[in-house]
Every structure is written in structure tokens, then in C-alpha cells.
Amino acid sequence: RNIFDSTGYSFNSIAHQTMINLKCVALVLLVSSSHAFQFLSNFKITPPADLEIQKKVKEKFGDKKLVVLTGTSSGLGRKTAQALLRVGGYHVVGAVRDLDKMETVAELDGFDMENFTPMHLELNSFDSVRKFCDELKEFKMTKPIDRLICNAGVYQPTLPYAKWSADGHEQTMQIN
């Protein structure tokens, strides 16, 4: 049996319409709420061992950005290292062929050795590149490389013959 209000609508039809409206609202809330908790999908609990590593990284680098710069011992690479170290927001890894030359340049130019690390890299040899990558990975721990400046290069236009790398490639192609 239907009970009517003063407008002529049945209370059952009003209740039915209200129920449909509530279902629609619940559906909208359900769909929109799935996005509301999407941030939880990236929620991670850091294990204590990782916290210890993060602490060591923070002590080693602070808030400085990590830069790897090839060809640091002369020319544009040398000036780039000076500028980055002068700014103070960077830890520069100088990837060079001749560590003795790099240490001399660093001393002459007054590099802040707390924020500069020379490392050996011979781009003429893939084995040297692999070794450098392994040493860099160990050195930086979990710190990401923020900047990679590939400055080292070879240009020998006056040679009457091609020079070859230790891996059998033409030097210009492998090093550059």
C-alpha cells in the first residue's frame, strides 16, 4: 500500500528514488576514492640496513649533487670542475687517464678535495670503463649521479693514419 504526501508522490517512490541516489553517490565515491589512496601504492618501509647506508651517503655527500666529469685534467673539463667546485653545491668525480696529472692540476687550481674525487678512466679500453663503473658504483653507494658531463675527446685530423683502441675500434669512434 502506498502512502502519499501533499505533493502526490508516494513515500515508497521517494524512498526508492532516494535509494537510487544513494547508490549513485556511493558509486561515485568508490570510483573517486580509488585515486584518493593512490599515493599509498608508493609507500615503502625502509629496512634498518638501508637506513644505515642512507646515513653514510648523507655524511659523505651531504645535500650536494654528484657530478661525473670526463677529461677533467685539462681544457674545458678543468674549467668546468673549477666552476662546479666554486659554486659549492656539487661533489665532482673527475674521470681522467692520468691521475698524477689530475692531482697536480687539483693542487694548482686549489680544488676542494673534500668535494672532488679523481678516478682513473681510460676511454680507449672497455675494460677500463667497466672497472671505472664498478669503482664509481662502490664510491657513490646509493647516491644517484645527478650530472654526467662527457667532456673527454680525441681529435687527430693531422694524422695520416687511423689510431686503434685496445678493443680494435678506431679511437675517435670509441673515445668520443
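The structure contained in this document is the topic of the report that follows.

What about the overall build of the protein?
Secondary structure summary: the protein contains six helices and four strands in total. Seen in sequence order, the protein has helices and strands lined up from the N terminus as α-α-β-α-β-α-β-α-β-α. Expressed as a percentage of the 176 residues in the protein, the buried residues total 26%. Total accessible area on the protein stands at roughly 12,600 Å², and carbon and sulfur atoms take up 59% of it.

Thoughts on the pairing of strand S3 (residues 116-120)
Judged from the five bridges that link them, strand S2 (residues 90-96) and S3 form a sheet pairing that is parallel. Bridging across to S3, Val93 finds its partner in Thr117. With helix H4 (residues 99-109) bridging S2 and the parallel S3, this β-α-β connection has right-handed handedness.

Describing the packing of aromatic side chains
Tallied over the full model, the rule gives two aromatic pairs. Look at Phe111 and Phe116: their rings are 4.9 Å apart centre to centre, the planes differ by 70°, and that puts the pair in the edge-to-face class. The pair Phe111 / Phe116 is uniform in exposure class, with both members buried.

Here's the deal with the nonpolar core
Val93, Met119, Phe132, Leu136 and Phe139 are the most contacted members of the largest nonpolar core, which has 14 residues in total. Among the secondary structure elements, those contributing two or more residues to this core are helix H2 (48-61), strand S1 (65-70), S2 and helix H5 (126-140). Examining the composition of this core, we find that three residues originate from one element, H5, more than from any other. Once residues within four sequence positions are removed from consideration, Val93 is found in contact with Leu66, Val67, Val68, Leu69, Thr117, Met119, Phe132, Leu136 and Phe139. If you look at the next biggest cluster of nonpolar residues, it comprises 13 residues, including Val67, Leu69, Leu85 and Ala106.

Comments concerning the environment of Gly62
Looking at where Gly62 falls in the secondary structure, it is placed in the loop between H2 and S1. Residue classification places Gly62 among the partly exposed positions, given a relative accessible area of 29%. When the C-alpha positions of Gly62 and Gly89 are compared, they lie 9.5 Å apart, and in sequence the two are 27 residues distant.

A short note on the pattern of salt bridges
Per the counting criterion, the structure on display carries five salt bridges. Between Asp109 and Arg78 there is a salt bridge, and its shortest N-O distance comes to 2.6 Å. Residue Asp109 is found in helix H4, and its partner Arg78 is found in helix H3 (residues 75-87); the two are separated by 31 residues along the sequence. We classify Arg78 as partly exposed; its relative accessible area is 25%. Notably, a salt bridge pairs Glu135 with Lys131, separated by 4.0 Å at the nearest N-O pair. Of the two residues, Glu135 and Lys131 both sit in helix H5, four residues apart, roughly one turn of that helix.

A few points about the side chain of Ser165
Counting through the fold element by element, Ser165 comes out in the loop between strand S4 (147-149) and helix H6 (171-175). Reaching out from Ser165, the side chain makes a polar contact with the side chain of Gln174 at a distance of 2.6 Å. Not counting residues within four places of it along the chain, the set of residues in contact with Ser165 comprises Asn124, Gln171 and Gln174.

Thoughts on H4
Listing the buried residues of H4 in full gives Met102, Val105 and Ala106. Considered in projection along H4, the buried side chains sweep an arc of 100° and stay on one side of the axis. Turned more than 90 degrees away from the buried face of H4 sit Asp100, Glu107 and Leu108, all of them exposed. Buried positions along H4 lie against H3, S2 and S3. Two or three places before Asp100, at the opening of H4, Asp98 has a side-chain oxygen 3.2 Å from that residue's backbone nitrogen. Just past H4, the residue Gly110 takes up positive phi, approximately 70°.

Analysis parameters
- Residues numbered from 1 in each chain as written.
- Predicted model: local features only at pLDDT ≥ 70, side-chain atom pairs only at ≥ 80, totals over all residues.
- Heavy atoms only, no water.
- Helix = DSSP H or I, 4+ residues; strand = E, 2+ residues; numbered from the N terminus.
- Buried < 20%, exposed > 50% of the residue type's maximum accessible area, 1.4 Å probe, protein only.
- Areas by Shrake-Rupley, 256 points an atom, 1.4 Å probe, with all protein chains shown as cover.
- Pairing = 2+ DSSP bridges.
- Right-handed = clockwise from strand over helix to strand, strands pointing away.
- Phe/Tyr/Trp six-rings, centres within 6.5 Å; stacked < 30°, edge-to-face > 60°.
- Core = buried A, V, L, I, M, F, W, Y, C linked by side-chain atoms within 4.5 Å.
- Contact = heavy atoms within 4.5 Å.
- Salt bridge = Lys/Arg side-chain N within 4 Å of Asp/Glu carboxyl O.
- Polar contact = N/O pair within 3.5 Å; in protein donor to acceptor, adjacent residues only side chain to side chain.
- Arc of directions from axis to C-beta.

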